[in-house]
Amino acid sequence: MQNNPQSIIAIVPAAGIGSRMGAHKPKQYLMLGQQSILAHTLDVLLSHERIDQVIVALHPQDQYFKQLPQAKHPKLIKVIGGGERADSVLAALEHAMSINPTAWALVHDAARPCLRHEDINKLIASLKQYPQGAILAAPVRDTMKRSDASGLITNTVERALLWHALTPQFFPITALKNNLSQALAATVNITDEASAMEWAGVMPGLVSGRVDNIKVTHPDDLQLAALFMQQAQ
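The structure presented is a predicted model; accordingly, all values stated were derived computationally and were not measured.

S.K.: Outline the overall build of the protein chain, supporting the account with residue identities and numerical values.
M.R.: Secondary structure summary: the protein chain contains six helices and eleven strands in total. Whereas a compact globule of 233 residues would reach a radius of gyration of roughly 17 Å, the protein chain reaches 17 Å, a difference of no more than 12%. The C-alpha extent of the protein chain, read off along each of the three principal axes, is 50 × 40 × 35 Å. Within the protein chain, the proportion of its 233 residues that are buried is 47%. For the protein chain, long-range pairs separated by at least 24 residues make up 71% of all intrachain contacts whose partners lie at least 6 apart in sequence.

Structure (structure tokens):
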């Protein structure tokens, strides 16, 4: 396994409709400052010197992406995504395989616009310790509770060794594609790329990332993301 991969292809699943935002358009196209959430996310990936290409998986009826200036970037490729995140990632991986099957995939959420190059660098460097692949994550800081179906607390969960999974998640393209496709065929509930690797018996590494690398899911997250981006300037 390569400790210093010669080729890295970023993958951005962006076929979702973002129903929890309750907005008039998919959340990745909501404005964050002077451009959309997705545009900010793509800027971070496209400008990183180690990333050779960026593959974006879009909804078949997407009418917004072509309006982004980033859509014409020479490093960017678009593919048609699927009904679930895993389907979109798989579609992008299949295209990436045709480009370079020995490359590594850096999979990042479309709605995480606050990612910084320093965290991408940490993830790439982590291959010396985790040659099987790794993900950005943040240690759980709050007291964790488990409830029953009615919303009553059943017990407190020990937070030591618990992590919030973030993105990017970084794995060899061929291994991730094979494990993801097999897990989907087995109707396994795949919530992120690491879960597909775990299902296949791989133990991905955890790389502590910045806590401001938030995912914009609810309306309040937009204001928080805007604040983080202002502070980063």
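S.K.: Let's hear about the pairing of strand E11 (residues 205-208): which residues, and what values?
M.R.: Residues of E11 alternate between two faces, with Gly-205 and Val-207 buried on one and Leu-206 and Ser-208 left unburied on the opposite face. Sheet topology places strand E7 (residues 134-139) next to E11; four bridges connect them, and they run parallel. Counted as the bridge partner of Ala-134 is Gly-205 from E11.

S.K.: Lay out unusual backbone geometry in plain terms, naming residues and giving numbers.
M.R.: Here the residue pair Thr-167 and Pro-168 is connected by a cis peptide bond, since its omega of 10 degrees sits within 30 degrees of zero. By secondary structure assignment, the location of Pro-168 is in strand E10 (residues 163-172). Phi at Leu-161 takes a positive value of approximately 70 degrees, unusual for a residue other than glycine. Tracing the backbone shows Leu-161 in the loop between strand E9 (153-157) and E10. A positive phi angle is found at Thr-187, which is not glycine, with a value near 55 degrees. You can see Thr-187 is positioned in the loop between helix H4 (173-185) and helix H5 (193-199).

S.K.: Explain the sheet that holds E10 residue by residue, including any values.
M.R.: If you trace the seven strands from one edge of the open sheet to the other, you get E5-E4-E1-E6-E10-E7-E11, paired in mixed fashion. The sheet is open, and its two edges are formed by strand E5 (76-80) and E11, each paired on a single side. Adjacent strand axes in the sheet meet at a mean angle of 30 degrees, parallel and antiparallel pairs treated alike. Bridging between strand E4 (residues 51-58) and E5 involves five bridges; their strand directions are parallel. The partner of Val-56 across the bridge, within E5, is Lys-78.

S.K.: Give a detailed account of helix H1 (residues 37-46), specifying residues and quantitative values.
M.R.: Judged by how many residues are buried, H1 sits mostly within the fold: nine of ten residues are covered. Of all the residues in H1, the buried ones are Ile-37, Leu-38, Ala-39, His-40, Thr-41, Leu-42, Val-44, Leu-45 and Leu-46.

S.K.: Describe the packing of aromatic side chains, listing the residues and the values that go with them.
M.R.: Each pair of aromatic rings is reported with the distance of its centres and the angle of its planes. The final tally for this structure, using the stated rule, is two aromatic pairs. Here the aromatic rings of Trp-104 and Phe-170 are separated by 5.0 Å at their centres, their planes lie at 40 degrees, and the arrangement is tilted. A residue pair is termed long-range when its members are at least 10 positions apart, and Trp-104 in strand E6 (residues 104-107) and Phe-170 in strand E10 qualify at 66 residues. Both residues of the pair, Trp-104 and Phe-170, count as buried.

S.K.: Give a detailed account of the nonpolar core, specifying residues and quantitative values.
M.R.: Within the largest apolar cluster, 32 residues are counted, with the highest numbers of intra-cluster contacts made by Leu-38, Leu-42, Leu-45, Val-54, Val-56 and Phe-65. Those elements giving two or more residues to this core turn out to be strand E1 (8-14), H1, E4, E6, helix H3 (117-125), E7 and E10. In terms of residue count, the dominant contributor to this core is H1 (five residues). Formed by 26 residues, the second largest nonpolar core is a distinct cluster that contains Val-79, Ala-92, Ile-190 and Ala-196.

S.K.: Report on the pattern of salt bridges, specifying residues and quantitative values.
M.R.: Within the structure shown, the criterion is met by six salt bridges. Measuring nitrogen to oxygen at the nearest pair gives 2.8 Å for the salt bridge that ties Asp-109 to Arg-112. For Asp-109, a relative accessible area of 6% translates into the label buried. In this structure, the salt-bridge partner of Arg-116 is Asp-212, at a minimum N-O distance of 3.0 Å. Taken together, the residues Arg-116 in the loop between E6 and H3 and Asp-212 in the loop between E11 and helix H6 (219-232) connect sequence positions 96 residues apart. By relative accessible area, Arg-116 is classed as partly exposed at 21%. The buried category is assigned to Asp-212, whose relative accessible area is 7%. Connected via shared salt-bridge partners are Arg-85, Asp-109, Arg-112 and Glu-193.

Reading the values: the criteria
- Residues numbered from 1 in each chain as written.
- Predicted model: local features only at pLDDT ≥ 70, side-chain atom pairs only at ≥ 80, totals over all residues.
- Heavy atoms only, no water.
- Helix = DSSP H or I, 4+ residues; strand = E, 2+ residues; numbered from the N terminus.
- Rg over C-alpha atoms; globule rule 2.2 N^0.38 Å.
- Buried < 20%, exposed > 50% of the residue type's maximum accessible area, 1.4 Å probe, protein only.
- Contact = heavy atoms within 4.5 Å.
- Pairing = 2+ DSSP bridges.
- Axes fitted to C-alpha atoms, helices over the stretch in contact; angles between N-to-C directions.
- Phe/Tyr/Trp six-rings, centres within 6.5 Å; stacked < 30°, edge-to-face > 60°.
- Core = buried A, V, L, I, M, F, W, Y, C linked by side-chain atoms within 4.5 Å.
- Salt bridge = Lys/Arg side-chain N within 4 Å of Asp/Glu carboxyl O.

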